[in-house]
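Residues per chain are reported as follows:
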Amino acid sequence: MIFTGNPTLDIAVFAIFGLLIGSFLNVVVHRLPIMLEARWARESAEFSGAEVPPSAAFNLVVPRSRCPHCGHAIAWHENIPVISYALLGGKCAGCKKAIALRYPLVELACGAVFGFCAARFGTGVSGVVWCGFSAALLALALIDWDTTLLPDDLTLPLLWAGLIAAALHWIPVNLSDALWGAVGGYMSLWLVYWGFKLLTGKEGMGFGDFKLYAALGVWFGWQCLIPIILMASLIGAMIGIALKMNSQLREGGYIPFGPFLAGAGFTTLLWGPGNVRQLIGL
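Because the structure is predicted, anything quoted here is derived from the model rather than measured. (Residues numbered from 1 in each chain as written. Predicted model: local features only at pLDDT ≥ 70, side-chain atom pairs only at ≥ 80, totals over all residues. Heavy atoms only, no water.)

Close approach of charged atoms lets side chains of opposite charge pair. According to the stated counting rule, one finds four salt bridges in the structure shown. With a closest N to O distance of 2.8 Å, R102 and D146 form a salt bridge. With a gap of 44 residues between them, R102 in helix α3 (residues 102-121) and D146 in helix α4 (residues 125-147) connect regions that are remote in the sequence. Of the residues examined, D146 reaches a relative accessible area of 39% and is grouped as partly exposed. Here D152 and K211 are joined by a salt bridge, their closest N and O atoms 2.7 Å apart. With D152 in helix α5 (residues 152-167) and K211 in helix α7 (residues 207-220), the pair connects residues that are 59 residues apart, well separated along the chain. Accessibility expressed as a relative area gives 35% for D152, which makes it partly exposed. (Salt bridge = Lys/Arg side-chain N within 4 Å of Asp/Glu carboxyl O. Helix = DSSP H or I, 4+ residues; strand = E, 2+ residues; numbered from the N terminus. Buried < 20%, exposed > 50% of the residue type's maximum accessible area, 1.4 Å probe, protein only.)

Inspection of the secondary structure puts A167 in helix α5. Along the sequence, A167 and A178 sit 11 residues apart, while their C-alpha atoms lie 8.9 Å from each other.

Owing to its 3.6 residues per turn, the α-helix aligns residues three or four sequence positions apart on the same side. Look at helix α1 (residues 7-48): 58 Å from first C-alpha to last across 42 residues, which is about the 62 Å you get at 1.5 Å a residue. At R31, α1 shows its maximal kink, close to 30 degrees; a proline, P33, follows between one and four residues later. N-capping of α1 is provided by N6, with a side-chain oxygen placed 2.9 Å from the backbone N of T8. Of the residues flanking the end of α1, it is G49, one or two places downstream, whose phi is positive at about 85 degrees. (Expected span 1.5 Å × (residues − 1). Bend = angle between axes of the 7 residues up to and from the residue. Polar contact = N/O pair within 3.5 Å; in protein donor to acceptor, adjacent residues only side chain to side chain.)

Interhelical geometry of α3 versus α4 gives an angle of 150 degrees and a closest axis separation of 9 Å. Here α4 runs roughly antiparallel to α3, going by the angle between their axes. By crossing handedness, the relation of α3 to α4 is classed as right-handed. Of the residues in α4, those touching α3 at R102, V106, C110, V113, F114, C117 and F121 are S126, G127, W130, C131, S134, A135, L138, L142 and D146. Tallied by class, residues from the contact of α3 with α4 come to 11 nonpolar, three polar and two charged. (Axes fitted to C-alpha atoms, helices over the stretch in contact; angles between N-to-C directions. Parallel < 35°, antiparallel > 145°, perpendicular 65-115°, else oblique. Left-handed = near helix turned anticlockwise from the far one by under 90°. Contact = heavy atoms within 4.5 Å. Nonpolar A, V, L, I, M, F, W, Y, C, P; charged D, E, K, R; others polar.)

This is a description of form; function is not addressed.
Following this line, the structure appears as structure tokens:
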């Protein structure tokens with residue numbers, strides 16, 4: 001899949017496309033949890049036999065994005081990744097209140113990782129599937145950080161997409177290693193979960209963590225599971241200590257583990273699975 005015939009320009013095309021996907025990810029991160037909560041409420045009402053009142057359409061496409069402060073509908077020229085934020089001075093065109101810096105940062109991060117995937121894996125199918133992996137991982141990290149949810153709507157497609165990519169040789173992991181990566185990732189955290197619960201009576205993590213770890217095992221192979229969990233734990237400990245020192249821990253001192261798994265996944269992607277496996281002599 002070549003766009004210009006010039007490798008540098010092709011990478012730039014991927015990076016620009018990543019900026020656009022990053023803008024969409026901001027919508028996904030905000031709206032998907034709301035959509036899930038509405039779905040759960042509707043299913044609960046239907047199960048109990050209660051009447052479900054009609055509601056306005058709300059999904060990833062409608063309604064149009066608006067300022068959360070004044071309701072100003074965001075025009076197309078106010079929604080150009082990074083550029084619009086800079087031109088608007090980081091403020092809403094309607095009420096002039098500040099727009100969260102996270103929006104352009106997510107766009108830039110997605111653009112950077114798409115460019116990296118194109119440079120590392122090429123601009124063919126392999127590069128495209130790794131871009132998809134990166135976008136899903138970024139969205140999951142942000143959603144979990146905001147809501148402590150790792151939606152099946154993202155974790156399960158990520159897992160299955162990895163198995164398909166391995167079967168079709170789109171990623172450098174054979175199907176057997178990918179399959180056992182899924183099994184090892186899920187079962188290891190499942191055992192930790194139940195061991196912790198039996199000892200303390202508390203739940204130390206959610207089932208979404210099992211599925212995300214399983215998905216990482218698929219994309220990188222079972223050999224990377226131990227380095228990934230070690231890196232996730234180290235990243236989590238460092239951020240947890242920093243938050244505690246700045247008195248920014250949430251009520252109960254709980255920190256979702258998904259963002260740290262995602263961070264370890266990105267580290268493995270950037271560093272290379274082969275280098276990661278060398279950590280444990282594989």
